[in-house]
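Survey of secondary and tertiary structure
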Amino acid sequence: MAVRRIFPHPLLSFVLWIVWLLLNNTTAMGHVVLGGLLAVIIPWTTSSFWPEKTVLKHPWLLIKYIFVVLYEIMVANIVVTKLILGRSSKLNPGFFHYELQLESPVGIGLLANTISLTPGTVSCDLSEDKRSLLIHSLHIDDVAAIKADIHRKFERPLKDIFVSC
């Protein structure tokens, strides 16, 4: 498997290459080549840090997940704007623990990052046993409802996308 030695994480390589081109906002040949080199070198040099192989069970669900996250970010921006522009005495910030059902390290990392990318919430800590996330929310009305939303919108789709091998 010579290809696997060169491209230990082909999806990561592809994503890094696309992100490079998007961040530089160009498809000039120099950036295409440099982005391609970085997309090969970075996963290759970091492959020993990946303790387990993670497989996409349903890659097309990852694309759907990205669109759901983008939509949720836009909605959360509106909600946070209303909260910030309103009276600060109505805010009820706080921390809560979210019990994880995900077992894939990549899935847990994506969930934590998704929560932090969504305005109004931040993933603060992963427990030692990797079974719970400490989350801070700008405004908490009902912790159970927030947990149910996280599970329905983010964690359940990630469980369907990733499999740990």
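Before going into details, it helps to say that this report is about the structure given with it. In this text, all values refer to a predicted model and were calculated from it rather than measured experimentally.

With that settled, consider helix α4 (residues 59–85). Taking 1.5 Å of rise per residue, the 27 residues of α4 would be expected to cover 39 Å, and the 40 Å separating its terminal C-alpha atoms lies within 8% of that figure. Along α4, the positions that sit buried rather than exposed are Leu62, Tyr65, Val69, Glu72, Ile73, Ala76 and Val80.

Here we take up the pairing of strand β3 (residues 121–126). Here five bridges tie β3 to strand β4 (residues 132–137), and the two strands are oriented antiparallel to one another. Residue pairing in the sheet places Asp125 in a bridge with Leu134 of β4. In this antiparallel pair of consecutive strands, β3 and β4, the connection spans five residues, and Lys130 shows a positive phi of 60°.

Two numbers describe how helix α2 (residues 10–24) lies on helix α3 (residues 29–46): the axes approach to 8 Å, and their chain directions differ by 145°. α3 is crossed by α2, and the crossing has right-handed handedness. Taking contact as the criterion, the partners of Leu12, Ser13, Leu16, Trp17, Trp20, Leu21 and Asn24 in α2 are, on α3, His31, Val32, Leu34, Gly35, Gly36, Leu38, Ala39, Val40, Ile42 and Pro43. Split into classes, the residues belonging to the contact of α2 with α3 amount to twelve nonpolar, five polar and no charged.

Basis of the calculations
- Residues numbered from 1 in each chain as written.
- Predicted model: local features only at pLDDT ≥ 70, side-chain atom pairs only at ≥ 80, totals over all residues.
- Heavy atoms only, no water.
- Helix = DSSP H or I, 4+ residues; strand = E, 2+ residues; numbered from the N terminus.
- Expected span 1.5 Å × (residues − 1).
- Buried < 20%, exposed > 50% of the residue type's maximum accessible area, 1.4 Å probe, protein only.
- Pairing = 2+ DSSP bridges.
- Axes fitted to C-alpha atoms, helices over the stretch in contact; angles between N-to-C directions.
- Left-handed = near helix turned anticlockwise from the far one by under 90°.
- Contact = heavy atoms within 4.5 Å.
- Nonpolar A, V, L, I, M, F, W, Y, C, P; charged D, E, K, R; others polar.

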